[in-house]
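Chain residues, written in single-letter form:
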Amino acid sequence: MRLAAGLGLGIALILGGAAQARPLRVMALDQCADQYVLALAPDADLALSPRADDPDAWMRREAQGRRRLRPTLEAAVGFRPDVVVRYWGGEPRLLSALERRGVRVLTIEDATDFDGVSANIARIADGLGQEARGRRLDQRMRRTLAVAAPAGPDRPKAAYLTAGGFTAGPGTLVDAMMRAAGFGNLTLTPGFGPLSVERIAMRAPARFVLGFFDGLRADWRGPGRHPVVRRAAEGRTAARLPAAVLTCPAWFAADGAAMMARGRP
């Protein structure tokens, strides 16, 4: 009896230790969340979103071979995550159901400047138990911004334009990226708004920063691809920012600023 009890206790302790030692289970509900969990918790047991390795994902190479799950309650119940990370993904009923089951939900907030990005990094890193890795990621972003920063006071003016014909003014992360790269923003209206072909034809900006033109099927008939715009941008384009640096308020926005800085006169 004593031997059996001792063996039973030993097995229980072994199983309990194994349960405690298992990797953290982390589920990302959208593509932006994919980038954060891949950078901050690559050694966790990850379940990424279906778009984790799309062409507009910054860490698409790191996502290859990883588990993918749709952001549904059925998928979450089957995976049993400890933590869920989201930016826009996950409808309210799913999030409420997860929280009722004791799952911690971490939300990436919209950021309009690099301090906001730093806050996102710190929040998600803390929630994943990866504070040191978060600090290193933030330091990397700040180093990239320091390299992109202009050496003098001159700030050439530029207009941001997407393939869909939209621009970005003050209060957007794109505006913060332009300022970090040493450009003044020709768009003075806050937020995002259209930049018409007619306006460009009448008074073309001295310089363009183009965004989302790398997706050949995205907005292929959008105003930004109009022949008038194409001619106006010839020889005046400071940078063509890939969608991968624009789809998520994350540290790689600094890489977008560095791309712009390389085209600064």
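Higher on the page you've got the structure.
Residues numbered from 1 in each chain as written. Predicted model: local features only at pLDDT ≥ 70, side-chain atom pairs only at ≥ 80, totals over all residues. Heavy atoms only, no water.

1. Brief notes about the pairing of strand E3 (residues 83-86)
The following threshold applies: Here's how the labels work: a residue is buried when its accessible area is under 20% of the maximum for its type, exposed when over 50%, partly exposed in between, all with a 1.4 Å probe on protein chains only. Helix numbers and strand numbers start at the N terminus; a helix is a DSSP run of H or I with at least 4 residues, a strand a run of E with at least 2. Paired strands, in this sense, are two strands between which DSSP finds at least two bridges.
Of the two faces of E3, the one holding Val 83 and Val 85 and the one holding Val 84 and Arg 86 are both buried throughout. Where strand E1 (residues 25-28) meets E3, three bridges bridge the pair, whose relative direction is parallel. In the sheet register, Ala 28 faces E3, and the bridge partner there is Val 85. As judged from the four bridges shared by E3 and strand E4 (residues 104-107), these two strands associate in the parallel manner.

2. Some remarks on the sheet that holds strand E5 (residues 157-162)
By definition, the strands of a sheet pair up through backbone hydrogen bonds, in either a parallel or an antiparallel sense. Operational definition: We call two residues contacting when some pair of their heavy atoms lies within 4.5 Å. To obtain an axis, a line is fitted to C-alpha atoms, over the contacting stretch when the element is a helix, and the angle between two such axes runs from 0 to 180 degrees between their N-to-C directions.
Strand order across the open sheet formed by four strands is E7-E5-E9-E10, with parallel pairing between neighbours. Among the strands making up the open sheet, the edge pair consists of strand E7 (184-185) and strand E10 (237-241). Of the pairings in the sheet, the one linking strand E9 (residues 208-211) to E10 comprises four bridges and is parallel in character. The residue of E10 that forms the bridge with Val 209 is Ala 239. Relative to the sheet, helix H8 (residues 173-180) contacts E5, E7 and E10, its axis offset from that of E5 by approximately 145°. Sheet strands touched by helix H11 (residues 253-262): E9 and E10. Its angle to E10, the strand with the most contacts, is close to 155°.

3. Re the pairing of E5
Burial analysis of E5 places five of its six residues in the buried class, the great majority of the element. Looking at chain direction, E5 and E7 are connected through two bridges and run parallel. Along E7, the bridge assignment pairs Lys 157 with Gly 184.

4. Remarks on the nonpolar core
Test applied: Side-chain atoms within 4.5 Å link the members of a nonpolar core, which is a set of buried Ala, Val, Leu, Ile, Met, Phe, Trp, Tyr and Cys residues.
Judged by nonpolar contacts, the single largest core of 58 residues is most densely connected at Tyr 36, Val 85, Phe 114, Leu 128, Met 177, Trp 251 and Met 260. A per-element tally of this core places helix H2 (residues 31-40) first, with seven residues. Aside from chain neighbours lying at most four places away, what touches Met 177 is Phe 114, Leu 241, Val 245, Leu 246, Ala 253, Gly 256, Ala 257 and Met 260. Core analysis: the second largest hydrophobic core is formed by 13 residues, Met 27, Ala 47, Leu 94 and Leu 95 among them.

5. Here's the deal with the sheet that holds strand E2 (residues 45-47)
Within the open sheet, the four strands sit side by side as E2-E1-E3-E4. Their pairing is parallel. Every interior strand has two partners, whereas the edge strands, E2 and E4, have only one. The sheet shows a mean angle of 20° between the axes of neighbouring strands, taken without regard to direction. Across the face of the sheet, H2 comes into contact with E1, E2 and E3 while running at roughly 150° to E1.

6. Notes on the side chain of Asn 120
Which entries qualify depends on this criterion: In protein, a polar contact means a hydrogen-donor-capable atom and an acceptor-capable atom, both N or O and within 3.5 Å, with residues adjacent in sequence counting only if both atoms are side-chain atoms; elsewhere, any N or O pair within 3.5 Å suffices.
By secondary structure assignment, the location of Asn 120 is in helix H6 (residues 114-127). Overall, Asn 120 belongs to the buried group, its relative accessible area being 1%. In terms of polar contacts, Asn 120 uses its side chain to reach the side chain of Arg 123, at 2.7 Å. Other than its neighbours up to four places away in sequence, Asn 120 contacts Tyr 36, Ile 108, Glu 109, Ala 111 and Pro 249.

7. So, helix H7 (residues 131-148)
Where we set the bar: Expected span of a helix, by definition, is 1.5 Å for each gap between consecutive residues, and there is one gap fewer than residues. The directions from the helix axis to the C-beta atoms form the arc being described.
Here H7 contains 18 residues, and its C-alpha end-to-end distance of 26 Å stays within 8% of the 26 Å for a straight helix at 1.5 Å per residue. Every buried residue of H7 is accounted for by Gly 134, Leu 137, Asp 138, Met 141, Thr 144, Leu 145 and Ala 148. Projected down its long axis, H7 shows its buried positions confined to an angular sector of 115°, all on one face. Seen from the open side of H7, the exposed residues pointing more than 90 degrees away from its buried face are Arg 135, Arg 143, Ala 146 and Val 147. Turning to H7, the residues buried within the fold contact H2, H6, H8 and H11.

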